[in-house]
Amino acid sequence: MAHVLVIGGGVAGLATALLAARRGHTAEVFERDTRAPGAAPDRGLPAGDVLGRDLLGRDVLGRDLLDRDFFGWHRPGVPQAAQPHLLLGAARAVLRAELPDVYAEMLRLGARERHELDWFDVRPPARPGDEDLVLVQARRIVLESALTTALRAQPGAVVRYGEPVTGLTATGGRQPRITGVSTPGGGYGGDLVVDAAGRRGGCASLLATAGCRPGTVERHRTGLAYFCRWYRLPDGVDEGPRRPWTVTGGAFAGCAVFPSDNRVFAVTVFAHTGDPTRGALRDPAVFEAAARAFPPGAAWLGLGAEPLSGVLATAGLDNRWSPLADARGPVVSGMVPVGDALTHTNPTLGQGTSLALWAADRVARTAHRDPGSPGFAAGYHGWALRTLKPWFDFQAGADAAVGARLAAGAGAGAGVVVPGGGGAGSLAGRAREAAALFECALEDPEVMRARARVRHLAEPPGRAYADPAVRARVAIWLARRPDWAPNAVGPDRARWEELTAAAAVPPQPASPRTSARS
Ligand SMILES: Cc1cc2nc3c(=O)[nH]c(=O)nc-3n(C[C@H](O)[C@H](O)[C@H](O)COP(=O)(O)OP(=O)(O)OC[C@H]3O[C@@H](n4cnc5c(N)ncnc54)[C@H](O)[C@@H]3O)c2cc1C
């Protein structure tokens, strides 16, 4: 069996180590941060249990320990940790099949499940595969805590906190072979090094120092900016409203609500980075007014929820495909990337953790097959191209359409090219069809199922949406609404400019609690 060295103890790294150890390998994770997020795993107590008293004599609950790190620990290496996350059915399926204890721990810590077809008052008759159309609603720290708990108890796996990888050891040649890592604590040898250091991990420069030619990176800027604020439902309220749908996009801005664990939820407002009004959204009062201008924001903020954070801003995200390969094939052997280090996807479709878990699972399943060899590197790269890249391309295409729409709606469209213009079959034309499909899905369970199968990575869009029955239903829906215009939701531009001009205070300076710019 192999000894696997994992660079980075985020979701991808922890999962890779755990999955590998469960298949009989040994694994060492090197994490730059000095400890695991969330202290609940140390205690192993349910989120609702009273653990003690704080200095003011208030009960400290298991969930408070999650909250303490989630809201109070600034993690500059992982800025997205404070942003809302939801897990798709693809991630849930890996967890339930391969790491059922981790999944059970997530539920115990307060994660919630929501079946897509429960949007309808009566769930339509089940079909094979429906069981995977389930969203897991939890903050990312819940998954990290559950993975950490399992790793602590796992023979053959260890996490070295506060030990960043600062170098790679390699044997020479045209395609160097990585044989180990170095940290301030010393050198470590292994059969396979896994780059799970995220999108900002910097392993490319370590590889260059080791004499490796660069891989070919594919990068698509999204031009999207997100503003999010966290809340807790009022006492006595355990559920938010079932309707309206929690995501909505207008002509130049949109709003999404992320129900999470322990009655916590996030509201996000998004706009184009070129929109001159976006800076005002950092002001909590402006943010709330803007969010309330969209149906989901109005419904959830109307409950009188308690704010738990300032407004967290994230902008400048890209979709980035970073294989350790170029046109000639893998540039290195003995090392493969997983998670954001390989496929960083903009979060609008929530694919990141699912793709990370798929890659982690692939590494664990194959690490016994001569993992330091060029053949292993080529096999992994081929698998990633077949399995992950199509979803990456789907995300990049979806973001191009959304970015172009928001930019045009904000009058910031100069320089934003809509490929093929606006006719049928063009990006804009396809965006209209996609918007119609989404609206139709809210009324038609068959279309909702197709949409959910794509959303949860169960079926590629080219197949699910090409189904003649689905196409016919959407066509009928559109034919009955000849005047239907997509994205006609939220305030008009004049009202939006009023709302965002009403900043009571200048935009907040960046601080750990209020800004998580990535
Ligand atoms: C705003 C935002 C929202 C998102 N929302 C969702 C969502 O809803 N659903 C979803 O599935 N995904 C979402 N994602 C993506 C998701 O967070 C990631 O895809 C997923 O968690 C995998 O991350 P990772 O483990 O690869 O990298 P990271 O989480 O970045 O972890 C990398 C780790 O490596 C460590 N590290 C870096 N360099 C070194 C080094 N040299 N030595 C040692 N350690 C190092 C870092 O400290 C860090 O802990 C979102 C991302 C963003 C940016």
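Residues numbered from 1 in each chain as written. Predicted model: local features only at pLDDT ≥ 70, side-chain atom pairs only at ≥ 80, totals over all residues. Heavy atoms only, no water.

**Q** How do you make sense of the site of the ligand when you look at a structure like this?
**A** Residues in contact with the ligand amount to 29 residues; listed here are only the nearest, Glu31, His85, Arg140, Asp340 and Thr353. His85 places a side-chain nitrogen or oxygen 2.7 Å from an oxygen atom of the ligand. Taking 1,000 Å² as the accessible area of the ligand by itself, protein coverage stands at 98%. Listing elements by their share of the shell around the ligand, those giving two or more residues are helix H1 (11-22), strand S2 (26-31) and helix H10 (352-366). Residue composition of the shell around the ligand, grouped by class: 12 nonpolar, 13 polar and 4 charged. (Near = heavy atom within 4 Å. Polar contact = N/O pair within 3.5 Å; in protein donor to acceptor, adjacent residues only side chain to side chain. Areas by Shrake-Rupley, 256 points an atom, 1.4 Å probe, with all protein chains shown as cover. Helix = DSSP H or I, 4+ residues; strand = E, 2+ residues; numbered from the N terminus. Nonpolar A, V, L, I, M, F, W, Y, C, P; charged D, E, K, R; others polar.)

**Q** What should I look at first to understand the sheet that holds strand S20 (residues 318-321) in this one?
**A** Remark on secondary structure: sheet strands pair via backbone hydrogen bonds, oriented parallel or antiparallel. In spatial order, the strands read S13-S20-S24; together these 3 strands make up an open sheet with antiparallel pairing. Two strands bound the open sheet, and with one partner strand each, they are strand S13 (218-221) and strand S24 (343-344). Sheet topology note: the S13/S20 ladder contains 4 bridges and is antiparallel. Among the inter-strand pairings, Glu218 is bridged to a residue of S20, identified as Trp321. Each of S13, S20 and S24 is contacted by helix H12 (residues 389-409), which is oriented at about 155 degrees to S20, the strand it contacts most. (Pairing = 2+ DSSP bridges. Contact = heavy atoms within 4.5 Å. Axes fitted to C-alpha atoms, helices over the stretch in contact; angles between N-to-C directions.)

**Q** What is the right way to look at the environment of Asp101 in this model?
**A** Mapped onto the fold, Asp101 is located in helix H5 (residues 100-108). A relative accessible area of 34% places Asp101 in the partly exposed class. Sequence-distant contacts of Asp101, that is, excluding residues within four places in its chain, are made with Arg22 and Ala150. A distance of 2.7 Å separates a polar atom in the side chain of Asp101 from a polar atom in the side chain of Arg22. (Buried < 20%, exposed > 50% of the residue type's maximum accessible area, 1.4 Å probe, protein only.)

**Q** So what exactly am I meant to see when it comes to the pairing of S2 here?
**A** Extensive coverage of S2 is indicated by the burial of 5 of its 6 residues. Here 5 bridges tie strand S1 (residues 3-7) to S2, and the two strands are oriented parallel to one another. Residue His3 lies in a different strand from S2, and its bridge partner there is Thr26. Following the backbone out of S1, through H1 and into the adjacent parallel S2, one traces a crossover that is right-handed. Here 5 bridges tie S2 to strand S8 (residues 157-161), and the two strands are oriented parallel to one another. When the bridges of S8 are listed, Glu28 appears paired with Val158. (Right-handed = clockwise from strand over helix to strand, strands pointing away.)

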